[in-house]
Amino acid sequence: MGKNLLSIFDLSKDELKSIIKRAHELKKEKKEGTENTNFKGKSIGLLFEKLSTRTRISFEVAINDLGANAIYLNPRDMQLGRGETIADTAKVLSRYLDGVIIRTYGQERIDEFAVSSSLPVINALTDLGHPTQIIADLFSIEENGFNIENFKLAFIGDGNNIANSFIAAAAIMGFDLSVAVPKGFEPNSDIIKKSQKLANSKIEITNDPKIAVKNADVIYTDVWVSMGQENESNGKLNVFEPFQVNSDLVSHANNDAVVLHCLPAHEGEEITKDIFDRFEKVIFEQAENKLHAGKAVLEYCFGLF
Ligand code: CP
Ligand code: NVA
C-alpha cells in the first residue's frame, strides 16, 4: 500500500525512527556495493516547480539505484505550465507513473495533487515544509553521535519551511528545539501551536539567537531569502544580521556542538566562511545523506516496511 509524505506530521515517531534506521542500512549497502532492486519496473516522476540541486539529483540517483526509472517532469514542458489543472495532471500521471516527487510553492498545490492522485506523493519542498530534508538531517544528527530523541537543536535565521518542519519533527521525535528569528519572521503559527500542544519536549521561539544556542548540541541555519521570496529580500539582510551563525554565536553552544546547513549556503550572510569551513565535512556528509534517506523515504512510501 502506497503512502504520501506531504508533511512531517504524516509520520508517527516509530515511522520516523524506522525510516532513519533504514537510511543507515541503505548507506551501508551503497558503500558495500550491494545491489538493491526493490523498485524494478517502476517509474517515478519528479515534478519540480522550483530549482533544486540536492533534492532532485539525490532522488534521481536513489530511484536509479533502486532499479526504477526516474522521469524528470519540467512543468514548463507540460500542459501544467499553460494552465492544465493540478487535479487533471494528477489523474493523468496516476495512469502512467508509480509515484511522484513534487517541489512546488504553496502547500495547497501538493495537497491538491495528492487528493486527485492514486500515487504515493512525496513532498520535496514547499513554501511550508521540507520533510525529506529534515528526515535526512535527523539521520545526520544521529550519525554525529546524538540521541535524536534527546538533544537540543537551535535553528537560527528565517522562520521558513525548514524551521516549520523541524518544529513538527521536534514534537514527534521529542527533542528540544529553540528557533531564533527576527521579529516578524516567525515560523507558521498553526504548526507552532499544533507542535507545542503535541510535544513533551521544549519547543521555543525567541528573537535572541544567544538564548537559542544555549546548551545546543546542533546549530542549524538556512538561507535568509527562500525560493519564491526574492522580491521581498530588500532590507532583509540588515534585519537578519544579528542572526548570523558566526564564531561568537557558536561559542555560546555546547563545546561539542556541530553546525548543519541544508544548503545552498550564502557565506557572509547566514553563516560566516570560517564556521562553514570548520563544519564543511559534516555539512557535505549531511548533503550526501539526502541520497540514503531519500531511498528510505521511497521504500516507506511504497510500503516496503
Ligand atoms: N537542501 C536542498 O533541498 O537543496 P536543493 O534546493 O538543492 O534541493
Ligand atoms: N528555505 C530554503 C531551503 C532550500 C533547500 C528555500 O526554500 O529556498
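None of the values given here were measured: they were computed from a predicted structure.

Rules and cut-offs
Residues numbered from 1 in each chain as written. Chains lettered and ligands numbered in written order. Predicted model: local features only at pLDDT ≥ 70, side-chain atom pairs only at ≥ 80, totals over all residues. Heavy atoms only, no water. Pairing = 2+ DSSP bridges. Helix = DSSP H or I, 4+ residues; strand = E, 2+ residues; numbered from the N terminus. Axes fitted to C-alpha atoms, helices over the stretch in contact; angles between N-to-C directions. Contact = heavy atoms within 4.5 Å. Left-handed = near helix turned anticlockwise from the far one by under 90°. Nonpolar A, V, L, I, M, F, W, Y, C, P; charged D, E, K, R; others polar.

Got a sec to walk through the sheet that holds strand β9 (residues 258-261)? Specific residues and values, please.
Strand order in the open sheet made by the five strands is β7-β6-β5-β8-β9, with parallel pairing throughout. Edge positions in the open sheet fall to β7 (203-206) and β9, since each of these has one partner strand only. Across this sheet, the average inter-strand angle for adjacent strands is 20°, counted without regard to direction. Judged from the four bridges that link them, strand β5 (residues 152-156) and strand β8 (residues 218-221) form a sheet pairing that is parallel. Bridging from a neighbouring strand, F155 pairs with Y220 of β8. Taken strand by strand, helix α12 (residues 280-301) contacts β8 and β9, and its axis lies near 45° from that of β9.

Quick rundown of the packing of helix α5 (residues 131-143) against α12? Include the residues and the values.
Axis separation between α5 and α12 bottoms out at 8 Å; the angle between their running directions is 115°. As α5 runs across α12, the sense of the crossing is right-handed. Counting all contacts with α5, which are made through T132, Q133, I135, A136, D137, F139, S140 and E143, the residues of α12 involved are E285, Q286, N289, K290, H292, A293 and V297. Its residues placed into classes, the contact of α5 with α12 shows five nonpolar, six polar and four charged.

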